[in-house]
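# Structural description and commentary
Here's the letter readout for the chains.
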Amino acid sequence: MLDMFKSSQKFKATCDHKTIDIKSYKPSIQTIKTECDKHGQQLNLYCPGHLMPCCDECISTSHSKCMGIKSLSGVVEKTKIEKLKETVKTDISSLLNVLNKLISNKSENIKTGEIQCVSIKKSITEIRKEINKHLDHLEKKLCQETDIIWNQEKSKATGFISEIEGKTDNLKVIQEHLQTVTTHSSKLQSFLDVHQIEQQVHQCQRYVEDLEIDERIKEVDIKMKPNDEIEKILSKLESIKSLGELMVVETDVVMNIGTSVKREAQVESQEQSNINNMTMNIETKIEINMGKMISDMICLMDGRVIVVEWWGKVNLLTSDGKLQKQLPIPGRAFSVTQINQNTIAITYPQERAIKIFNMEKETVTKVIKLDKECWGLSFSNNSLAVGLGNDEIQIIDLEGNTLKSIPVQSKLDLHYLVNCNDRVIYSEYGDKAVYCYDGSGKQIWQYTPDLEGPTGLWTNNFGYIYVVDQ
């Protein structure tokens, strides 16, 4: 059974605000009405959660979940106008400084981007130069080899031709000599002359017959056998669609906004309730029927639920508790936390790894390896807090870089923890306690009263810690 609790403190209410376009917004001095524009009733109440005056109807319709509603006249009575004006003046100066800094930073960003574009184009040209330089070298080398080989073959062929021409000239001389043998000579003399010529012809005939097995009579062709590696490179070149992947890398900018409005809202939030007066009601009960022990579960931003089987699969449920799918992540999972709308992170103790999973693409986008078994996991302020064994909590960024290491002493493995406001809170089932540490590793507090077996933890926007006690 999955119980969805609704705390009077846990969720901030939404109200009807108008969206203001900063570019088109032009402040003007107006007479402020003391009646509600929407309901026409007298503004007699004040919501500290939204820092705005309200009428009775506003409270019942748009601020029913807000705590600490006060009398407007009481707030006005306690407010020192001159001090408030100075505070607002300071806020305006602070906001102007922030906005001017943003303009300056973005202008510098544009200049940097222009330089980076030139650098990228230059690097492409350099790549082509290096490729062309090497190709020119290979072309020159091959042309030289071609000339050398052809000159050798050409020399053999011309020498062979000269040799054959010598034999041809010799045969012509023999032919002329044959014509000089006349019948005026004696028969014996004629016989001897012809017989001598016949021997010379016979020698020439043997020379021609021997040419049939002479390598020099073969025709010679100069051809080039393509280099297999070149063929592979050409094939790869055809498959290459780009010389490089261009990407926009976004880096967070610390704005350091410290206006009194923001500070006041935080103060009011802390003052708007007493924990002794807090009530928690079961809002929804959902049958999930997993049939297995559950090590962790979270409600996603879109209302769906992630349920992790104890050392098992990661299940995605619809908002009404029906199994939508088992996420295709190999391994035996333990704890889960949500990073953004489509991304979750899961610990795998046996693998000593955290896997970052994109739910939309259904792929593991990154695996962060650790040197110990990793258990509880919590995401806050672009960093992960992970319990390692029973003696260390590490704060790491999403690239796996260790930002902080907090040594702790726990009897059992650190199964459950939350990370918020530069503090880490973890539950100790063995000690029946909940501990809070700051980023430097200093213990801020511990809570033990009335706890029998604390396990799961959660924190809301007002700094309250919720503990599941078995």
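Residues numbered from 1 in each chain as written. Predicted model: local features only at pLDDT ≥ 70, side-chain atom pairs only at ≥ 80, totals over all residues. Heavy atoms only, no water.

As recorded in an unreviewed UniProt entry, the chain goes by the name B box-type domain-containing protein, listed as coming from Mytilus edulis.

Attention shifts here to the overall build of the chain. Scanning the chain from N- to C-terminus turns up six helices and 23 strands. With 470 residues in all, the chain has 28% of them scored as buried. For the chain, contacts bridging at least 24 residues in sequence account for 42% of all contacts bridging at least 6. Total accessible area on the chain is roughly 33200 Å²; 53% of this is exposed by carbon and sulfur atoms. (Helix = DSSP H or I, 4+ residues; strand = E, 2+ residues; numbered from the N terminus. Buried < 20%, exposed > 50% of the residue type's maximum accessible area, 1.4 Å probe, protein only. Contact = heavy atoms within 4.5 Å. Areas by Shrake-Rupley, 256 points an atom, 1.4 Å probe, with all protein chains shown as cover.)

Moving on to the nonpolar core. Membership of the largest hydrophobic core comes to 15 residues, with the highest contact counts inside it found for I306, V314, L327, I344 and I346. If you tally residues by element for this core, the top one is strand β11 (residues 343-348), at three residues. Ignoring anything within four residues of it in the chain, the contact list for I306 reads D296, M297, I298, L300, V314, N315, L316, L327, V336, I344 and M359. Residues I339, I356, L377 and F379 belong to the second largest nonpolar core, which totals 13 residues. (Core = buried A, V, L, I, M, F, W, Y, C linked by side-chain atoms within 4.5 Å.)

Moving on: the confidence of the model for the chain. Across the chain, pLDDT averages 82, with 86% of residues at or above 70. Across residues 4-25 the pLDDT falls below 50, and counting only partners more than four positions away or on other chains, this stretch makes 52 contacts in the model. Every residue in residues 261-272 scores below 50 in pLDDT, and together they form 18 contacts with partners more than four places removed in sequence or on other chains. (pLDDT = per-residue confidence, 0-100.)

Backbone geometry places N381, a non-glycine residue, at a positive phi of 55°. By secondary structure assignment, the location of N381 is in the loop between β14 (374-380) and β15 (383-388).

Axis separation between helix α3 (residues 81-180) and helix α4 (residues 187-210) bottoms out at 10 Å; the angle between their running directions is 160°. As summarised for this structure, α3 and α4 are arranged roughly antiparallel, according to the angle between their axes. Considering the relative orientation of α3 and α4, their crossing is left-handed. Note on element contacts: α4 touches α3 through I197, Q200, V201, C204 and Y207, opposite F160, E163, I164, K167, L171, I174, H177 and L178. In terms of residue class, the contact of α3 with α4 is made up of nine nonpolar, two polar and two charged. (Axes fitted to C-alpha atoms, helices over the stretch in contact; angles between N-to-C directions. Parallel < 35°, antiparallel > 145°, perpendicular 65-115°, else oblique. Left-handed = near helix turned anticlockwise from the far one by under 90°. Nonpolar A, V, L, I, M, F, W, Y, C, P; charged D, E, K, R; others polar.)

This part takes up the sheet that holds strand β16 (residues 392-397). Note: strands within a sheet are paired through backbone hydrogen bonds, in either parallel or antiparallel orientation. Across the sheet, which stays open at both edges, the four strands sit in the order β14-β15-β16-β17 with antiparallel pairing between neighbours. This sheet does not close on itself; its edge strands, each paired only once, are β14 and β17 (402-407). Averaged over all pairs of adjacent strands, the angle between their axes in this sheet comes to 20°, without regard to strand direction. Here five bridges tie β16 to β17, and the two strands are oriented antiparallel to one another. Note on β17: the bridge partner recorded for I395 is K404. (Pairing = 2+ DSSP bridges.)

The next subject is the environment of Q196. Relative to the helices and strands, Q196 is located in helix α4. Take Q196: its relative accessible area is 43%, and that puts it in the partly exposed class. It is 9.8 Å that separates the C-alpha atoms of Q196 and I174, two residues lying 22 residues apart in sequence.

Throughout the structure, instances matching the rule amount to 16 salt bridges. One salt bridge connects E153 with K156, and the closest N-O pair in it is separated by 3.6 Å. Separated by three residues within a single helix, E153 and K156 lie in helix α3, roughly one turn from each other. A relative accessible area of 53% places K156 in the exposed class. Taken together, the shared-partner salt bridges in this structure form one network comprising E163, D214 and R216. (Salt bridge = Lys/Arg side-chain N within 4 Å of Asp/Glu carboxyl O.)

Looking now at the sheet that holds β11. The antiparallel open sheet is built from four strands, whose spatial order is β10-β11-β12-β13. Strands with a single pairing partner mark the edges of an open sheet, and in this sheet they are β10 (336-340) and β13 (363-369). Neighbour-to-neighbour, the strand axes of the sheet open up by a mean angle of 25°, direction not taken into account. Pairing analysis gives four bridges linking β10 to β11, with the strands arranged antiparallel. The partner of Q338 across the bridge, within β11, is I344.

For the rest of this paragraph, the subject is the side chain of Q394. As for its placement among the helices and strands, Q394 is situated in strand β16. A relative accessible area of 9% means that Q394 is categorised as buried. Among the polar contacts listed, one links the side chain of Q394 to the side chain of E392, at a separation of 3.1 Å. Of note is the side chain of Q394, whose polar atom sits 3.4 Å from the side chain of T402. Residue contacts for Q394: discarding those within four places in its chain leaves L370, L384, A385, V386, L388, T402, K404 and S405. (Polar contact = N/O pair within 3.5 Å; in protein donor to acceptor, adjacent residues only side chain to side chain.)

So, on to the side chain of S427. Along the chain, the position of S427 falls in strand β19 (residues 423-428). One polar contact links the side chain of S427 to the main-chain carbonyl oxygen of T455, over a distance of 2.7 Å. With near-sequence residues (within four places) excluded, S427 lies in contact with Y416, A433, V434, P454, T455 and L457.

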